[in-house]
Amino acid sequence: MGDDIIKDEEVQENEEGAKILENYTVEATKEMFESVKLKENEIELNKIDKESVQILDPDIVENDELTKQLYAEFSSFLETKAEMIPDEGIKDTIPTGIDLVDAILGGGFAIGALNIVVGQPGSGKTMLAIKALGEGQKKYKGKLLGGFLDSEEATTADRLAMLGVRYPKIEPYNDITIEKVFKFLEGLALFKQTKKIVEMPSVVVWDSIANTLSQKEREADDVNSVIGYKARMLSLLVPKYVAKCAQNNICFIAVNQLRDKMNMGQFAPAADLKFMTSTKDMPGGNVLKFNAFHLIEMKVKSLIDRDKLGFDGVIVKLKCVKNKLFTPNIEIEIVGSFNSGFSNFWTNYNFMTQAKRLNTGAWNYLVSLPDKKFRTKDAYTLYKEDEIFRAAYDESAKESIQAEIIDKYGQGI
């Protein structure tokens, strides 16, 4: 199993398919669509909800059901004759457990897709990926299959558990090569098919792309002989296994580094991703950028004052440079502890302060609960012990995210 995953695949002509397309003449196509009169520049009616249809031209409304039937017949024709099936979209997401991050992602990391987290060293990329793995276990009540592929060999089972991977506690996989990453995905997909649990979601975290070598690169005596080899391997394997993740409900989260751009020659190349930090790029080739469903960039804003919040940690700026579920490039700040990972409580606290739902000073208070005053260092203890404060705090956080993120940026989504 998986022995042939790095061999070149020859493209073979499908003679039967070619004959089908030859027989599918212009006249037949014209006859099929003449039964419905659509005006110029119209949109696909099968994607419009009933409320929207009511404001359209009466001729369109009259032909709506017929058009939908036509699309259904056309889809069935393609599926039967050409083995083409329309995309059903993302079935679900894996939350990060950070309300603000999940809001800008459109619910969380997409299941059945490649999700990439890039950033500076120490910006919390791995912590965020591990937190998603733990939150996925919680969401699916321990029925989620997960794996942590650790090419950096810097994570232990205890560290995973500390960051939330406890349902069940799992061991990371070490001694990782490029080949082993995709063999793992192959094995997971085959196991799910054999056990008839394809619908059960899975999460695989790969940490990290930049640090993982191929077997050939490991064994090379001359580094010049393998320049570009890794990118070529990924260009072949990533599209194939992104499709396999979609077929088997696998959320694939890959961590990657940022590196300084190398501009050779008189003119600098155009940026592949316009809103990524202009002086930075990520290793692995363009295939990662093209196939990423979510592409998150993280960078450190500042260290946390232990005397103020009671723990050592970091405030990180985060934005989704590429996002197929929500508006991209919304920059937020998340708060994390070096010990326990990113905190939903303190991230919401910071966000509500910026959104003016929480007043800070010598004494702090929620705008919605002005009589309950507290000092910053006592905020989390108050949240845990006071039910009235906790309910008001959660409601204020929810309202802030709804107004400042979802309503503000989600129009038309």
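Predicted, not measured: the structure shown is a model, and the values here were computed from it. (Residues numbered from 1 in each chain as written. Predicted model: local features only at pLDDT ≥ 70, side-chain atom pairs only at ≥ 80, totals over all residues. Heavy atoms only, no water.)

Caption draft 1: Region of the structure containing unusual backbone geometry. That bond from Y167 to P168 is cis: its omega, 5 degrees, falls within 30 degrees of zero. Mapped onto the secondary structure, P168 falls in the loop between helix 8 (157–162) and helix 9 (178–194). A positive phi angle, close to 55 degrees, is found at K141, a residue other than glycine. Position of K141 among the secondary structure elements: in the loop between helix 7 (125–139) and strand 4 (145–150). Within the chain, N249 stands out as a residue other than glycine whose phi angle is a positive 55 degrees. For N249, the location among the structural elements is in the loop between helix 11 (229–247) and strand 6 (250–257). (Helix = DSSP H or I, 4+ residues; strand = E, 2+ residues; numbered from the N terminus.)

Caption draft 2: Fine view of the sheet that holds strand 10 (residues 313–323). The strand order across the open sheet formed by eight strands is 4-5-6-3-9-10-11-12, and the pairing between neighbours is mixed. Two strands in the sheet have a free side with no partner beyond their single neighbour: strand 4 and strand 12 (341–342). As defined by bridge partners, strand 3 (residues 113–119) adjoins strand 9 (residues 292–303) across six bridges and the pair is classed as parallel. Residue pairing in the sheet places V118 in a bridge with E297 of strand 9. This element, helix 7, spans strand 3, strand 4, strand 5 (202–207), strand 6, strand 9, strand 10, strand 11 (332–337) and strand 12 of the sheet and lies at about 170 degrees to strand 6. (Pairing = 2+ DSSP bridges. Contact = heavy atoms within 4.5 Å. Axes fitted to C-alpha atoms, helices over the stretch in contact; angles between N-to-C directions.)

Caption draft 3: Broad picture of the pairing of strand 10. When you tally the buried positions in strand 10, you get 10 out of 11 residues, the bulk of the element. Relative to strand 11, strand 10 runs antiparallel, the two being bridged by six bridges. Its bridge partner lying in strand 11, K317 is registered against E333. (Buried < 20%, exposed > 50% of the residue type's maximum accessible area, 1.4 Å probe, protein only.)

Caption draft 4: Spotlight on the sheet that holds strand 14 (residues 364–366). On the basis of which strands lie adjacent, the open sheet formed by three strands has the order 13-14-15 and antiparallel pairing. Looking at the sheet topology across the chains shown, the edges are occupied by strand 13 (358–359) and strand 15 (369–374). Where strand 13 and strand 14 come together, two bridges link them in antiparallel fashion. Bridging from a neighbouring strand, L358 pairs with L366 of strand 14. Helix 16 (residues 387–409) contacts strand 13, strand 14 and strand 15 of the sheet and is inclined by roughly 115 degrees relative to strand 15.

Caption draft 5: View of the side chain of N350. Tracing the sequence through the fold places N350 in helix 14 (residues 344–354). Under the relative-accessibility criterion, N350 is labelled buried at 18%. For N350, the residues in contact, after removing those within four places along its chain, are E333 and V335.

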